[in-house]
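Understanding the architecture of this molecule
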Amino acid sequence: MLGARRRGWPAGALWPPLVLGVVLVLLWWAVTASGAVGRVVLPEPVDVVTTLVELFQTGDLLPAIGATFSAAGLGGLLGVAVGLPLAWLLVHGRWAGAALEPYVAASQAVPAIAIAPLLVLWVGYGLPAIAVLCALLVFFPVVVATTLGLRTLDPEVVAAARVDGASGWRLLRHIEAPLALPAILSGLRNGVTLAVTGAVVGEFVMGGKGLGLLLTAQRDRSDTAGLFATLLVLCALATAAYAVVRLIERRTEI
């Protein structure tokens, strides 16, 4: 009974963010209604909602969401596909870990906006380059969290599994991966939100037909309400991806 409750998504957990969201919207409305800030700088909430509805009606928003989500999803899968084996190598390969860890850390010192022009030269414009940029942002939190999870396993449990004959792939599948799964999912939670960010940054620099392109067009015509509406959609995408991973994490808790 207790386990079933823990695996589910507690309804009470939804109330705090909803209440905070309502409070923030009311404060936003109060500031704009007072006239203290111009609507060009901060549009009224109703203007943002109206613009959001118009974007849906014109058919501009859904294709842009699909393009950004596709790039973020593909980049996220690529980042995980590279990050998980790399993390295992850092933990189990003594020399490989010593050689690679400084470079893994150094890779995060370069801003994504600086990498994007290089990816255009190496990969070209469009989805492939944007997906690679997303992967570069995703793989670091996945590597760090997975490495931590594997390094903090109970050595007695691992030793007992080895005594029973588990090694290599069997040890990874039946002992290491299940025990390190909470840490892996924690890294993935951070990674999926970064993937959305990477997709938008990539669309700013490398083209594409997603929300980044829509934001650029709205910026060029000083459409503040449109910018807010598109940013709200981006926040919703990132929150939804985060919530999906969090739900998986809860269902895997013992």
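From a predicted model like this one, the values you see are computed outputs, not experimental measurements.

Definitions and cut-offs
- Residues numbered from 1 in each chain as written.
- Predicted model: local features only at pLDDT ≥ 70, side-chain atom pairs only at ≥ 80, totals over all residues.
- Heavy atoms only, no water.
- Salt bridge = Lys/Arg side-chain N within 4 Å of Asp/Glu carboxyl O.
- Helix = DSSP H or I, 4+ residues; strand = E, 2+ residues; numbered from the N terminus.
- Buried < 20%, exposed > 50% of the residue type's maximum accessible area, 1.4 Å probe, protein only.
- UniProt positions renumbered as here; feature names shortened; annotations may be inferred.
- Lys, Arg positive; Asp, Glu negative; His and termini not counted.
- Contact = heavy atoms within 4.5 Å.

1. Some words on the pattern of salt bridges
Tallied over the entire structure, the rule returns 3 salt bridges. Here glutamate 101 makes a salt bridge to arginine 151, at a shortest N to O gap of 2.7 Å. Of this pair, glutamate 101 sits in helix H5 (residues 94–106) while arginine 151 sits in helix H7 (residues 127–151), placing them 50 residues apart in sequence. Using a relative accessible area of 33% as the deciding quantity, one classes glutamate 101 as partly exposed. Judged by its relative accessible area of 45%, arginine 151 is partly exposed. For aspartate 220, the salt bridge is made with arginine 219, and the minimal N-O distance between the two is 3.2 Å. Residue classification places aspartate 220 among the exposed positions, given a relative accessible area of 55%. Look at arginine 219 and you get exposed, because its relative accessible area is 51%.

2. Observations concerning the UniProt feature "transmembrane region" (unreviewed entry) in the protein chain
Mapped onto this structure's residue numbering, the UniProt feature "transmembrane region" (unreviewed entry) falls at residues 12–31, 64–91, 103–123, 129–150, 179–205 and 225–245. A distance of 22 Å separates the end C-alpha atoms of residues 103–123, which is 71% helix and 0% strand. Each end of residues 225–245 is marked by a C-alpha atom, and these two atoms are 31 Å apart; helix forms 100% of the span and strand 0%.

3. Comments concerning the side chain of glutamate 203
Considering the arrangement of structural elements, one finds glutamate 203 in helix H9 (residues 168–206). Although glutamate 203 is buried, it forms no salt bridge, and the closest oppositely charged side chain is lysine 209 at an N-O distance of 11 Å. Leave out the neighbours within four places in its chain, and glutamate 203 touches Ala67, Thr68, Ile130, Gly210, Leu211, Gly212 and Leu213.

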